[in-house]
Amino acid sequence: MAYPGYSEKCRNLTTYWHVNKCVSCTFKRGNEITPNCGFDDHGGLHEPPWKKCQNDTFNDGSTAYCQPCTVCGPEELLDPCNATTDTRCSMRVTTVHPTTRKSYDGPAVGTKDSGQIVLWTVPLAVLCLLLVLMFFFWAVRRKGQRRLSYVSVGFSPLSAPASRTVEETLDPAILSAPLQTILNDLDVVEDLMILLDPETQGLKNTKHLASHCGFSSAWITYAYSMRDSKSPLKAVLEGVTSREPDWTVGDMVRMLRLMERNDAISVLARLRPGLVDA
């Protein structure tokens, strides 16, 4: 594959050659940077430094590339995604209002008609009560299922005491190990693929990880188009280890922490320190 940048001296596409050194490109809301900000090593401009975010992506100005918009259900949508702001989602809360009792203007108590009404009123009230209880339990169960849908079955979230960061809960030998260590452990890679590759509502996934690691939205789209033959997560890990050989497992942990994916961090905790340098 041909090198996509314009600079031979700055292999990091988010930088360009200026005054005998590579300097970072300026980020812009609603846009992502072009390779090497469009400049070659002689100051020639091949294309504008920025290009607008594609549909369903955004950039609030904090990253070099546009990130995929968060997907939420239609009942949970507060604000749609735009070029500068991510989608805002909220769990829908159903409020049950008590029914209002109405007065009865029928025959007086003691008549034949009133006796029939009493006979029908009691079972009807019981039936209504049962229906209300059934609806209540259904609503509670549905709410519980929604909560469970945000936790991958089989993976326990990694929690840390209030006085400690998530990184501090992991073995220092794991945190300082080269990123290649993850690729060397097939079981860990497979579990991370199960957690991060799917596009689950309300959860950050491999697309967001790739964006944090500096991959363009076009690269991310291509990686997902090839997911039938290769995991996007594995492609990201291989790309990062190739571009940034000094990266460690700790760097990946910090990325996952930004994505609030402690479940994935708990998988990394299974790396055995004794085999890290193997």
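The numbering scheme is per chain: residues are counted from 1 as the chain's sequence reads. Thresholds applied to this predicted model are a pLDDT of at least 70 for local features of residues and 80 or more for the giving and counting of side-chain atom pairs; totals over whole chains, interfaces and linings are not thresholded and use all residues. Here the side-chain values reflect all heavy atoms present in the structure, with hydrogen atoms and water set aside.

If you look the protein chain up in an unreviewed UniProt entry, it shows as (spotted green pufferfish) hypothetical protein from Tetraodon nigroviridis.

S.K.: What is the right way to read the overall build of the protein chain from this model?
M.R.: Segments assigned H or I by DSSP are reported as helices when at least four residues long, segments assigned E as strands when at least two residues long, and all are numbered from the N terminus. Helices and strands together make up the secondary structure of the protein chain, namely nine helices and eight strands. Out of the 278 residues in the protein chain, the part that is buried amounts to 35%. Any two residues whose heavy atoms approach within 4.5 Å at even a single point are treated as in contact. For the protein chain, long-range pairs separated by at least 24 residues make up 57% of all intrachain contacts whose partners lie at least 6 apart in sequence. Reported accessibility uses the Shrake-Rupley method at a 1.4 Å probe radius. Residues are deemed covered only where the shown protein chains occlude them. In the structure as shown, the protein chain presents an accessible area of about 17,700 Å², 58% of it carried by carbon and sulfur atoms. The cut-offs for exposure are 20% and 50% of the maximum accessible area for each residue type, with area from a 1.4 Å probe on protein chains only; residues under the lower value are buried, those over the upper are exposed, and the others partly exposed.

S.K.: When you look at the UniProt feature "domain: TNFR-Cys" (unreviewed entry) in the protein chain in this model, what are you seeing that I'm missing?
M.R.: Residues given the UniProt feature "domain: TNFR-Cys" (unreviewed entry) here are residues 52–89. Between the end C-alpha atoms of residues 52–89 there is a gap of 24 Å, over a span that is 0% helix and 26% strand. UniProt positions are given in the numbering used here, feature names are shortened, and annotations may be inferred rather than shown by experiment.

S.K.: Could you clarify how one ought to interpret the side chain of asparagine 59 in this entry?
M.R.: Examined against the element boundaries, asparagine 59 turns out to sit in the loop between strand 5 (57–58) and strand 6 (67–68). Distance and chemistry together define a polar contact, namely a pair of N or O atoms within 3.5 Å, with one atom able to donate a hydrogen and the other to accept it when in protein, and with adjacent residues in sequence counting only for side-chain atoms on both sides. Here asparagine 31 takes part through its backbone oxygen, which lies 2.7 Å from a polar atom of the side chain of asparagine 59. Polar side-chain contacts of asparagine 59 include one of 2.9 Å to the backbone nitrogen of glycine 61.

S.K.: Is there a simple way to explain helix 8 (residues 249–258) in this structure?
M.R.: At 3.6 residues per turn, the α-helix brings residues three or four places apart onto the same side. Taken residue by residue, helix 8 has Val249, Gly250, Met252, Val253, Met255 and Leu256 as its buried positions. Check the buried side of helix 8 and you find it contacts helix 2 (172–175), helix 3 (180–184), helix 4 (186–196), helix 5 (206–212), helix 7 (232–243) and helix 9 (262–268).

S.K.: Just to check I follow, could you spell out the pattern of salt bridges for this structure?
M.R.: Pairing is possible between side chains that carry opposite charge, provided their charged atoms lie close to one another. Think of a salt bridge as a Lys or Arg side-chain nitrogen and an Asp or Glu carboxyl oxygen that are within 4 Å of each other. Overall, the coordinates contain nine salt bridges when judged by the stated rule. Between arginine 11 and glutamate 8 there is a salt bridge, with its nearest N and O atoms 3.3 Å apart. In this structure arginine 11 comes out as partly exposed when scored by relative accessible area, which is 47%. Under the relative-accessibility criterion, glutamate 8 is labelled exposed at 56%.

S.K.: Please explain the nonpolar core as it appears in this structure.
M.R.: Buried Ala, Val, Leu, Ile, Met, Phe, Trp, Tyr and Cys residues that are joined via side-chain atoms within 4.5 Å together make up what is termed a nonpolar core. Ranked by size, the top nonpolar core spans 34 residues in total, and within it Ile182, Leu192, Leu209, Val249, Met252, Leu256 and Leu268 carry the most contacts. Among the elements of the structure, helix 2, helix 3, helix 4, helix 5, helix 6 (217–225), helix 7, helix 8 and helix 9 are those that each provide at least two residues to this core. With residues up to four places along the chain from it excluded, the contact list for valine 249 reads Ile174, Leu175, Ala177, Pro178, Leu179, Thr181, Ile182, Leu268 and Leu271. One finds Leu13, Cys25, Ile33 and Cys37 within the second-largest nonpolar core, a separate group that totals six residues.

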